[in-house]
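Breakdown of the fold
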Amino acid sequence: MLERERERVAVTARRLADEGLVLGTAGNVSHRAGEHVAITPTGAILAEVQADQVVVVNAEGAVIAGDLAPTSELELHLGIYRRYGVGGVVHAHSPVSTALACVLDELPLIHYQMLALGGPIRVARYATFGTAKLAELTLDALEGRAAALMANHGMIAHGADVEAALENARLLEWASELYWRAAAVGRPRTLDGDQAQAFLDAVAARSYGELRRPDR
Ligand SMILES: [Zn+2]
């Protein structure tokens, strides 16, 4: 069941590890196909995940294919699908984003590429991993955004499919590293609302197509 989707989740999980966004088991990946979600299992070493280890659950989280238990952040993933109707989610304790999530209350809009994620990135308040409270806080931080930081924990990104979610996770890690380097030199300037709107207008005028951002 969902063989292709399970393979895509496994490939994305290994890519996250290969690119240094995840160490060991510190992340999870999912892809939604209609009412079903293919998701990495709990305790999986992401660098080694194979398609047959990826679990398939229904919208209520019941396992309908696979021998392993789904990730402990299952409710977080399902909550994002329910509230935002997207097709892929990536959660990782990536090094630079997580460092900023230990310090900042918000990652300010320091580069126009961050507009592909919807603007400044909120930091969801801390709660214990795998809890409904953490899911609630993180879902709120994602309002109008394709990514969020999670205080003293990590980052999360979503997209139209699992590959798009990975791309948004990469973009957030890049923006985090940019902020970190800029802040090492001085106080980073931020783009204001007019500058952000002018960028979006320029993109529209050049018919570059829609930015990958949720329209809510
Ligand atoms: Zn985590």
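The structure this text deals with has already been given above.
Described below are features of the structure shown in this document.

Rules used throughout
- Residues numbered from 1 in each chain as written.
- Predicted model: local features only at pLDDT ≥ 70, side-chain atom pairs only at ≥ 80, totals over all residues.
- Heavy atoms only, no water.
- Buried < 20%, exposed > 50% of the residue type's maximum accessible area, 1.4 Å probe, protein only.
- Helix = DSSP H or I, 4+ residues; strand = E, 2+ residues; numbered from the N terminus.
- Pairing = 2+ DSSP bridges.
- Axes fitted to C-alpha atoms, helices over the stretch in contact; angles between N-to-C directions.
- Parallel < 35°, antiparallel > 145°, perpendicular 65-115°, else oblique.
- Left-handed = near helix turned anticlockwise from the far one by under 90°.
- Contact = heavy atoms within 4.5 Å.
- Nonpolar A, V, L, I, M, F, W, Y, C, P; charged D, E, K, R; others polar.
- Right-handed = clockwise from strand over helix to strand, strands pointing away.

A large share of strand β9 (residues 154–159) lies buried, amounting to six of its six residues. Residues of β9 alternate between two faces, with Gly154, Ile156 and His158 on one and Met155, Ala157 and Gly159 on the opposite face, all of them buried. Alignment of strand β8 (residues 147–150) against β9, held across four bridges, turns out to be antiparallel. In the strand pairing of β9, Met150 is matched with Gly154. Taking the residues between adjacent antiparallel strands as the criterion, β8 and β9 are bridged by three residues, where Asn152 takes a positive phi near 50 degrees.

Take the packing of helix α1 (residues 3–18) against helix α5 (residues 162–185) next. Taken N-terminus to C-terminus, the directions of α1 and α5 make an angle of 15 degrees; their axes are 10 Å apart at the nearest point. By the criterion of interaxial angle, the relationship of α1 to α5 is roughly parallel. Between α1 and α5 lies a crossing whose hand is right-handed. Along the contact surface, α1 presents Arg8, Thr12, Arg15 and Leu16, while α5 presents Val162, Glu163, Leu166 and Arg170. Residues belonging to the contact of α1 with α5 are distributed by class as follows: three nonpolar, one polar and four charged.

Let us look at the sheet that holds strand β2 (residues 36–39). One open sheet accounts for nine strands, arranged β4-β3-β2-β1-β5-β9-β8-β7-β6; its pairing is mixed. In this open sheet, the two strands that pair with only one neighbour each are β4 (63–65) and β6 (106–107). Pairing of β6 with strand β7 (residues 121–124) involves two bridges; the strand directions are antiparallel. By the bridge assignment, Glu106 is partnered in β7 with Arg122. The strands touched by α1 within the sheet are β1 (27–33), β2, β3 (55–57), β4 and β5 (88–92), with β1 carrying the most contacts at an inclination of about 155 degrees. In the packing of helix α2 (residues 74–84) onto the sheet, the strands contacted are β1, β2, β3, β5, β8 and β9, and the crossing angle to β1 comes to about 40 degrees.

So, about the pairing of β7. Looking at chain direction, β7 and β8 are connected through two bridges and run parallel. By the bridge assignment for β8, Val123 is matched with Leu149. Handedness of the β7-helix α4 (residues 132–141)-β8 crossover: right-handed.

Turning our attention to α2. Where burial is concerned, most of α2 is hidden: eight out of the eleven residues are buried. Buried within α2 we find Leu74, Leu76, His77, Leu78, Gly79, Ile80, Tyr81 and Tyr84. Once α2 ends, the next one or two residues include Gly85, with phi positive near 65 degrees.

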